[in-house]
Amino acid sequence: MKRILFMTALLAVSLSLDARDRKSVYGPDYGAFDGEVVTRADPDVYDLLVVAVDGKHHPDLPTKVKMRPGFHWLEVASSKRGRNGELTRQSLPLTVEPCTTYRYAAKHDGSLSNRRWTIIGIEALTDLDCPANRGKTADPKSKEDADDDTETPSP
C-alpha cells in the first residue's frame, strides 16, 4: 500500500514538473535555452547539449540553461556520440528576450557518423504570465477590431 502511495505521489510530482518545464519559469530577468527534444518523431533529431555560454564552460552538459536577456554565444554539441564517445560541436548565436524559452535540436543527415548535422530551431515560447509580459496578448487586436467583436443584443 505504501508503495502504491509513493508511486502515485512520484507520478504527480513528475507531471507537475513536466507541465512547469513547458514555460519559461525563470522570471522577467531571464530567458532560457532548451535543447531537449520532447517528441521523437524523427529518428535523426537529437538533443542539444550546452558546452559553453559566452565562453564559460558547463562540464555537466545540460540541455537547459537560463540566461540574462541580450546577445549570447553558445557552444552546443549533439547528443549523438561517435564510435569512441566523442561529441561534435557547433556555435549558436542567440539573442535572448525576457521570459522566453528558445527550443533547438540537432538534425543529423542520417548517416552513421555523428559529424554532419545542423542546428534547427523548433520554437520560441513566451510566457505571457511573466511579470515582464503582463497585459500583452498572443494575438494583439486593434481597438476597432475589438469593437467589432462585441455583439449588441437584438430586441
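Model, not experiment: these values are computed from the prediction.

Cut-offs applied
- Residues numbered from 1 in each chain as written.
- Predicted model: local features only at pLDDT ≥ 70, side-chain atom pairs only at ≥ 80, totals over all residues.
- Heavy atoms only, no water.
- Buried < 20%, exposed > 50% of the residue type's maximum accessible area, 1.4 Å probe, protein only.
- Helix = DSSP H or I, 4+ residues; strand = E, 2+ residues; numbered from the N terminus.
- Pairing = 2+ DSSP bridges.
- Salt bridge = Lys/Arg side-chain N within 4 Å of Asp/Glu carboxyl O.

**Student:** Got a minute to help me understand the pairing of strand 8 (residues 100-108) in this structure?
**Tutor:** Note on strand geometry: in a regular strand, side chains alternate between the two faces of the sheet. With eight of nine residues buried, strand 8 is to be regarded as a mostly interior element. The pairing of strand 1 (residues 31-34) with strand 8 spans three bridges and is parallel. Bridge pairing in strand 8 places phenylalanine 33 opposite tyrosine 102. For strand 2 (residues 45-46) and strand 8, the ladder comprises two bridges, and the chain directions are antiparallel. Paired with valine 45 across the strands is lysine 107, a residue of strand 8. Where strand 8 lies against strand 9 (residues 117-126), nine bridges are found, and the strand directions are antiparallel. Looking at strand 9, one finds that alanine 105 is bridged to isoleucine 120.

**Student:** How do you make sense of the pattern of salt bridges when you look at a structure like this?
**Tutor:** Side chains that differ in charge, positive against negative, can pair when their charged atoms come close. Evaluated as defined, the whole model comprises six salt bridges. Of the charged contacts, one joins glutamate 36 and lysine 64 as a salt bridge, the two residues approaching to 3.6 Å between their closest N and O atoms. Here the residue glutamate 36 occupies a position in the loop between strand 1 and strand 2, and lysine 64 occupies one in strand 5 (residues 64-67), the gap between them amounting to 28 residues. We classify glutamate 36 as partly exposed; its relative accessible area is 34%. Note on lysine 64: relative accessible area 28%, which makes it partly exposed. One salt bridge connects aspartate 109 with arginine 116, and the closest N-O pair in it is separated by 3.1 Å. Under the relative-accessibility criterion, arginine 116 is labelled exposed at 57%.

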